[in-house]
Structure formats: structure tokens, C-alpha cells
Amino acid sequence: MFKLNNLLGMRSFLLLWSAQAISLMGSEMTNFALTVHVYGAEGTATSVALLRVFYVMPSILLCFAAGALADRWDKKKVILAGILAGALATSAMLVLSDADALHTRYLYAINFMVSFVNAFVGPAIYVAVTLMSPKEQYVRVSGLQLLSMAVAKVAAPVLAAGVLRLGGIQNVFMLDLATFAAAFFIVLLFVKIPPVPGGAETRETFIKSCLTGLSFLREHKAVRKCIFYLAAINLLANLGGDGSMMPSMVLARTGGNELALSAVTSAAGIGALIGSIAVTAARAAKSKSRVMFLACAASFLICDFSYAFGQSVMAWAIGALLGNVLVPFISANNVAIMRSNVPVSLQGRVFALRDTLQFLPIPIGLYLGGFMADHVFEPFMRAGSPLQSTLSALVGTGQGSGMAVIMMMTGVAGCTISLVSSRNPIYRQLD
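Before going further, it helps to spend a moment on the overall build of the chain. When helices and strands are counted, the chain shows 18 helices and zero strands. Taken over C-alpha atoms, the radius of gyration comes to 21 Å for the chain, in line with the 22 Å a tight globule of 431 residues would show. Taking the principal axes of the C-alpha coordinates as reference, the chain spans close to 65 × 55 × 45 Å. When the 431 residues of the chain are sorted by exposure, 55% land in the buried category. Considering only contacts in the chain between residues 6 or more positions apart, those separated by 24 or more positions represent 85%. Surface accessibility of the chain: about 17600 Å² in total, with carbon and sulfur atoms responsible for 68%. Of the charged side chains in the chain, 30 are positive and 18 negative; the average position of the first set lies 12 Å away from that of the second.

So, in C-alpha cells, the structure goes:
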């Protein structure tokens, strides 16, 4: 059973977690507002997908080298720099909005620059949390981090939709800046991050430090295969309902109704919130890898199928809620597996390399999903053919039906890959 005093002794972690949670709320509000703004301006799934591509691509490509630097640098300073970069980006968007120049191309450029800084912040936070947490609490601290993400997913769309209706996108940016300020001062004044034990990594050359992560993965096949499995899952998830496809489909099928999108997005957040509470409170599973695989299979089946076959906001919201209950069990057990199997002195480099390999398919999936929706499946579902008639009987007709077909396909593929992987005995080594 979960006991509160298990976490009360981790004061610095709880403060860092609180700062992340506050900042994340503002960032999620801005992300929601930008999704609505870009879809309204461009009217294509590709434009929304590219917004996320530019937000993740630089950090994915750079984090291999950034992880080695994050292992060397002061973790607290890196985290503070990341908060400042986010605040500067939001300030730039506020100025552009006031000048009536919030064009999509500028948003892509701003997201690119924020992602560059995040390449260093991600590994620093990974290591900082490990240093501040006892091993037996790894699943719980991951659960708490997922909990803050879930709360933001629930509250941010509702708040952002309300602010957009009442005060416009500038007020969303102002709220985001306030959360950055609060997070910065919490980390600056109250968070203490212990040093890495030994400090041997500081004596390596930069090139050797980068290659250490590769050497570790070459020697640990089970860890490597787990990363490649999640890379495949990330490709499928971002082709389908976990990427830009769900927001684009909901906006397409509801005539650009941001309240409908906020309802589905918040439902997904409520599901993740419930799952995060459950994974935080529950005893750690004996076989973390099996929990990860089975939860992933079920999540694909529920989420993507509800988006594909549902014909109403209520159906999409119920599927989003139920499917996302399982997502924290995937993430928390995966992070716990990595923290348990990688020495803390190597975690910045290995986690950064993991992020490069595991997350590189995300922008590929986002772009392919948008391209396939706009240029293949949406046009196909508007043309008459026997196959189109069959698919229309399953997913409906009209704008957004092509995206629904894509999500039907990714649901089948993600569930199948996860079930097959769960039967591979090599993953038992990770437990």
C-alpha cells in the first residue's frame, strides 16, 4: 500500500516536481491554443503535425550529444536555462500576436528553438530525479511526474478554450509566462540536486563520453530491444490518435469547434490522471515489462478504435478516457526499467541516446500521418469505390473519415506488436 511518508522525505524531488507541474500547465495551455490557431489558419492536418514536428525534432537529433554534456554540467543550471528559454519563446509569441503577425512559419521557428534547449533539459531532469529518489520509489516518482502531466491535460484544454473564447490567445500567453516565473523561482531558491556519485564521467573526452551510451546499449541487448520496441510504438502512436491526427479529426468533424476538442483532450487527461494515481499508489509490479506490453496493447485497441469508429464527441471522449488510463502504466514501468538497469553515472548519456532512438519516429509519424491524411486517405474517402463504401460503413463519411481509417489501422498494428513482444523471453531480464 502507498504511504505518504514514503515521499515526504524527498523534499527536493517534490519541489522540482511541483515546479515542473506548474510550468507544464502553462505550456499545455499554449500548445492547445496554438493547435486551434494553426488549424484555423491553415485548415490541414499537416500544418498541425508540423507544429509538433518542429517542437520535438531538434531535441531528438541533438540529445545524443546533449546527454553527454548534461552529465557534465550542473543539472540545476540546465533546468533553469530550459525554463528561461520557454519563457522567452512565449514572450516572442505574445509580441507577434500583439502585432497581428502570429504566422505559422514563425511558430515553427519558435518551436524549433525551444526544442534545441529541451535537448539538454530532458537528460538533466532524468538524472536529477534519479539522484533525488531511492530506488524503491522509481515507479512512484515516475507516476507522480505522469500525474502532473495528466492534470495539465485535463485542466489546460478547458482553461485555454475558455480564455480563447473570452480574452483571446494573448491572455493564454500571459498565463503561460506567469507559470514560467513561478517554476523558475521554485527551482532557483528551493531545489537542491545532489552531485553524481564518483564523477568519473567528467574525466572522459567529449567524444568518448558520447560513445559510452552506444557501448552500453551494444552490451545490453534486452535494454536495446526495449528501446526499439518503443520506437515502433511511437511511430504508430503518432501516425494515429496520439499525434496530431486526433485533434485534426475532431476539429474536422465538428467544424473547427475548440470546445469539442477540449472535451476530448480533457477526457484523455482524466484517464491519464486516474492511471497516474493508480500507478503511484500501487505496489510495483513484479514483471514491469509484461505490464508495459499489455497496457500498450489495450491502450491502442481502446483509443484508436474509439477515434476511428466513434461518430460523436461523447464516443471519442469515452475512448480517450479509458485508453489513457493505461498510458501511465506504460511510461512509469518503462522509466523504472531504465533507471534500474542503467548506472546513474551513465544515465544522462544512455537516456539521451534512448530518446534519440525511441523518439526519432515521433516526427516521422507526425509528418507521415498529416501527409497521408491530406493527400491519400481524405481524398480516397471522398471518391466512390467498393473499398471506400466498406470503410465508410465502419468509420462514417465526410471530412475526417480518412483520418479515422488511419487510426483504425494503427490500432490494429500497435495492439499486435505489443502482444507479440510480451511473449519474448528476453524482456524478463529487465525485471
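Now that the structure has been shown, we can carry on.
With respect to the element layout, S248 can be found in helix α10 (residues 245–253). Discounting residues that sit within four places of it in the chain, S248 has contacts with Y39, A45, V48 and M403.

Before going further, it helps to spend a moment on unusual backbone geometry. Comment: phi is negative for the bulk of residues other than glycine, and the bulk of peptide bonds are trans. Positive phi values are uncommon outside glycine, yet D100 reaches one of about 55°. Following the sequence through the fold, D100 ends up in the loop between α4 (75–98) and α5 (104–131).

Two elements in contact, helix α2 (residues 11–42) and α5, have axes whose closest approach is 13 Å; the angle formed by their N-to-C orientations is 160°. Taken together, the axes of α2 and α5 are roughly antiparallel relative to one another. The way α2 lies across α5 gives a crossing that is left-handed. The residues of α5 that touch α2, namely those facing F13, L16, Q20, L34, H37, V38 and E42, are T104, L107, I125, A128 and V129. Grouping the amino acids of the contact of α2 with α5 by side-chain chemistry returns eight nonpolar, three polar and one charged.

For α10, a buried count of eight out of nine residues is recorded, marking the element as mostly surrounded by other parts of the structure. Along α10, the residues that are buried comprise M245, M246, P247, S248, M249, V250, L251 and A252. G255 occupies a position one or two residues after α10 and carries a positive phi of about 70°.

The next subject is helix α11 (residues 258–281). Taking 1.5 Å per residue, 24 residues should reach 34 Å; α11 reaches 34 Å between its end C-alpha atoms and fits that length. The backbone nitrogen of L259 lies 2.9 Å from a side-chain oxygen of the residue at the head of α11, namely N257.

What follows is about the confidence of the model for the chain. Detailed reading of predicted coordinates is not advised where the pLDDT is low. Averaged over all residues, the pLDDT of the chain is 85; the fraction at 70 or higher stands at 93%. Mean pLDDT across the secondary structure elements of the chain bottoms out at helix α1 (residues 5–8), with 54, and peaks at helix α7 (residues 169–190), with 94.

What follows covers the environment of P195. If you trace the backbone, P195 turns up in the loop between α7 and α8 (206–219). With 25 residues separating them along the chain, P195 and Q170 place their C-alpha atoms 40 Å apart.

A few words on the packing of aromatic side chains. This structure, assessed with the given rule, holds eight aromatic pairs. Here the aromatic rings of F184 and F185 are separated by 5.6 Å at their centres, their planes lie at 90°, and the arrangement is edge-to-face. For F184, a relative accessible area of 17% puts it in the buried group. Judged by its relative accessible area of 47%, F185 is partly exposed. Site record: aromatic cluster; members linked through ring pairs are W73, F116 and F120. A cation over a ring is seen here: R105 above Y106, with NZ or CZ 4.9 Å from the ring centre.

We now examine the pattern of salt bridges. Under the counting rule described, the total for this entry stands at one salt bridge. As a salt-bridge pair, R165 and E258 come within 2.7 Å of each other at their nearest N and O atoms. One end of the pair, R165, is in helix α6 (residues 138–166); the other, E258, is in helix α11, and 93 residues separate them in sequence.

As a further point, take the nonpolar core. M249, V250 and Y307 are the most contacted members of the largest nonpolar core, which totals 58 residues. For V250, the residues in contact, after removing those within four places along its chain, are A260, L261, V264 and W316. Formed by 33 residues, the second largest nonpolar core is a distinct cluster that contains A119, I125, V141 and V187.

Conventions and cut-offs
- Residues numbered from 1 in each chain as written.
- Predicted model: local features only at pLDDT ≥ 70, side-chain atom pairs only at ≥ 80, totals over all residues.
- Heavy atoms only, no water.
- Helix = DSSP H or I, 4+ residues; strand = E, 2+ residues; numbered from the N terminus.
- Rg over C-alpha atoms; globule rule 2.2 N^0.38 Å.
- Buried < 20%, exposed > 50% of the residue type's maximum accessible area, 1.4 Å probe, protein only.
- Contact = heavy atoms within 4.5 Å.
- Areas by Shrake-Rupley, 256 points an atom, 1.4 Å probe, with all protein chains shown as cover.
- Lys, Arg positive; Asp, Glu negative; His and termini not counted.
- Charge placed at Lys NZ, Arg CZ, Asp CG, Glu CD.
- Axes fitted to C-alpha atoms, helices over the stretch in contact; angles between N-to-C directions.
- Parallel < 35°, antiparallel > 145°, perpendicular 65-115°, else oblique.
- Left-handed = near helix turned anticlockwise from the far one by under 90°.
- Nonpolar A, V, L, I, M, F, W, Y, C, P; charged D, E, K, R; others polar.
- Expected span 1.5 Å × (residues − 1).
- Polar contact = N/O pair within 3.5 Å; in protein donor to acceptor, adjacent residues only side chain to side chain.
- pLDDT = per-residue confidence, 0-100.
- Phe/Tyr/Trp six-rings, centres within 6.5 Å; stacked < 30°, edge-to-face > 60°.
- Lys NZ or Arg CZ within 6 Å of the ring centre and 35° of its normal.
- Salt bridge = Lys/Arg side-chain N within 4 Å of Asp/Glu carboxyl O.
- Core = buried A, V, L, I, M, F, W, Y, C linked by side-chain atoms within 4.5 Å.

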